[in-house]
Amino acid sequence: MDLYPEIEPYDHGMLDVGDGNHVYWETCGNPHGKPAVVLHGGPGSRTSPGHRRYFDPAAYRIVLLDQRGAGRSRPRASAHDTDMSVNTTAHLMADLERLRAHLGIERWLVWGVSWGSVLGLRYAQTHPGVVTELVLTGVATGSNAEVTLLTRGLGRIFPEAHERFLAELPAQERDGNPAAAYNRLLESPDPAVRERAARAWTDWETATIPAPPRSVARYEDPDFRLGFARTVTHYWGNDHFLGAGDGDGSGDGSSNGNGANDEGVVLRDAHRLKGIPGTLVQGSLDFGNQLGIVWRLHHAWPDSELVLVDEAGHDAGTTGDEALVAATDRYARGTT
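What counts and what doesn't
Residues numbered from 1 in each chain as written. Predicted model: local features only at pLDDT ≥ 70, side-chain atom pairs only at ≥ 80, totals over all residues. Heavy atoms only, no water. Helix = DSSP H or I, 4+ residues; strand = E, 2+ residues; numbered from the N terminus. Rg over C-alpha atoms; globule rule 2.2 N^0.38 Å. Buried < 20%, exposed > 50% of the residue type's maximum accessible area, 1.4 Å probe, protein only. Contact = heavy atoms within 4.5 Å. Areas by Shrake-Rupley, 256 points an atom, 1.4 Å probe, with all protein chains shown as cover. Phe/Tyr/Trp six-rings, centres within 6.5 Å; stacked < 30°, edge-to-face > 60°. Lys NZ or Arg CZ within 6 Å of the ring centre and 35° of its normal. Salt bridge = Lys/Arg side-chain N within 4 Å of Asp/Glu carboxyl O. Pairing = 2+ DSSP bridges. Right-handed = clockwise from strand over helix to strand, strands pointing away. Polar contact = N/O pair within 3.5 Å; in protein donor to acceptor, adjacent residues only side chain to side chain.

1. Some details on the overall build of the chain
Phase 1: The secondary structure content of the chain amounts to 11 helices and eight strands.
Phase 2: Computed over the C-alpha atoms, the radius of gyration of the chain is 19 Å, within 12% of the 20 Å expected from 2.2 N^0.38 for a compact globule of 336 residues.
Phase 3: Its C-alpha atoms give the chain principal-axis dimensions of roughly 55 × 40 × 40 Å.
Phase 4: Per-residue burial over the chain gives 56% buried out of 336 residues.
Phase 5: Taking all contacts inside the chain whose residues are at least 6 apart in sequence as the whole, residues at least 24 apart take part in 71%.
Phase 6: When the accessible surface of the chain is split by element, carbon and sulfur atoms take 51% of a total near 13900 Å².

And the structure:
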């Protein structure tokens, strides 16, 4: 099964979401079709024309947006004077609600990749009445354990690259939280410090794909590289702003020392997804699977199906694409 043909938006705009932020959005497909919203990864990545191709354009009204600070949204996270204190999970979920109201959509399917799966899961847990289904790939849940794995645990697999990664940090910060330490460098008033930190962060990301360092084209764009690294470390260094309180997504994300987010707020609140059908498409060699979190999420969420793609990584490849299209086709027909 191939992806659907390339299509162009029939409408787009910039939505004022407050705090000086304007979020880029676009719609394509059938204006009267089943609404679906696409949540890109990162945090700090951007939407891609390829994301439109996972949906039958005759059946879906496909909504894409660039999250705060990313892509065509303004201001960009790459600008040093952009206020990142108003870029949190709670803000992003509020933006989704503003966009849904702006477009006159009552309920929509949520499609998310990587960080977009974290955001989609939390959005569904806190706004269950507006989510019809979830289709997620490269699944993550935003727990401390996942961040520790990606910033420290993978050092056992990629020791040389990890040594370079830690060497860029001040010596006194190499034993702490690497994401938080890198974020401090990326908030430096010195542009040379910020650029060096962004380069080192994205080199580590490419090393763990795995791919030769600096082989990913988007990381060769200095503006994207800086905005992406600043946003990822902002979230990863602050518990993804999920908090450990009452689970409504409004916490400030600060760690309270009780380990509440080590298990993960999203996994803890999986019961809140009851009644929402979902499809999880996951590569068996995705490093996040080392923790078994996707498996545990699936078993804590009876309305979900797990499609495990053998010998695939974070990008589940052609087989994963087929599973994603099959899921959106099935949900378009109203079957689960």
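2. Remarks on the packing of aromatic side chains
Phase 1: Per the stated rule, a full pass over the model turns up 14 aromatic pairs.
Phase 2: Between tyrosine 219 and phenylalanine 224, the aromatic rings sit 6.3 Å apart at their centres with planes inclined by 25 degrees, giving stacked as the arrangement. In this pair, the class of tyrosine 219 matches that of phenylalanine 224, namely buried.
Phase 3: Each ring, one from tyrosine 219 and one from phenylalanine 228, has its centre 5.5 Å from the other, and the planes form 40 degrees; the classification is tilted. Pair check on accessibility: tyrosine 219 and phenylalanine 228 agree, each one buried.
Phase 4: Each member of the aromatic cluster is reached from another via a ring pair, and the members are Phe165, Tyr182, Trp201, Trp204 and Trp236.
Phase 5: In this arrangement the basic side chain of arginine 218 is found over the ring face of phenylalanine 228, its NZ or CZ atom lying 5.1 Å from the centre.
Phase 6: The residue whose ring lies beneath arginine 330 is tyrosine 331, and the NZ or CZ to ring-centre distance is 5.3 Å.

3. Re the side chain of glutamine 67
Phase 1: Summarising the element assignment, glutamine 67 is placed in the loop between strand 4 (60-65) and helix 1 (89-102).
Phase 2: Residue glutamine 67 is classed as buried on the basis of its relative accessible area of 5%.

4. Some details on the pattern of salt bridges
Phase 1: Applying the stated criterion across every chain yields a total of 21 salt bridges.
Phase 2: When the shortest N-O distance is used, the salt bridge between glutamate 160 and arginine 164 registers 3.5 Å. With glutamate 160 and arginine 164 both in helix 4 (residues 159-167), this residue pair falls four residues apart, about one helical turn.

5. Focus on the pairing of strand 5 (residues 108-113)
The side chains of a regular strand alternate, residue by residue, between the two faces of the sheet.
Phase 1: Of all six residues that make up strand 5, five are buried, and the element is covered over most of its length.
Phase 2: In terms of strand pairing, strand 3 (residues 34-39) meets strand 5 through four bridges, oriented parallel. Paired with valine 38 across the two strands is tryptophan 111, which belongs to strand 5.
Phase 3: Sheet topology places strand 5 next to strand 6 (residues 131-137); five bridges connect them, and they run parallel. Looking at the pairing, valine 113 lines up with threonine 137 of strand 6.
Phase 4: The handedness of the strand 5 to strand 6 crossover, carried by helix 2 (residues 115-126), is right-handed.

6. Remarks on the side chain of threonine 202
Phase 1: Here threonine 202 lies in helix 6 (residues 191-207).
Phase 2: Engagement of the side chain of threonine 202 in a polar contact is seen with the backbone oxygen of alanine 198, the distance being 3.0 Å.
Phase 3: Dropping the residues within four chain positions of it, threonine 202 is found in contact with Tyr219, Arg225 and Phe228.

7. Concerning the environment of proline 222
Phase 1: Here proline 222 is to be found in helix 7 (residues 222-236).
Phase 2: Proline 222 gets classed as partly exposed once you look at its relative accessible area, which sits at 47%.
Phase 3: Residues proline 222 and alanine 198, spaced 24 residues apart in sequence, show a C-alpha to C-alpha distance of 8.6 Å.

8. Focus: the pairing of strand 4
Phase 1: By the criterion of burial, strand 4 is predominantly enclosed, with six of the six residues buried.
Phase 2: Across five bridges, the pairing between strand 2 (residues 21-29) and strand 4 is antiparallel. Along strand 4, the bridge assignment pairs glycine 29 with arginine 61.
Phase 3: As judged from the five bridges shared by strand 3 and strand 4, these two strands associate in the parallel manner. Residue pairing in the sheet places lysine 34 in a bridge with tyrosine 60 of strand 4.

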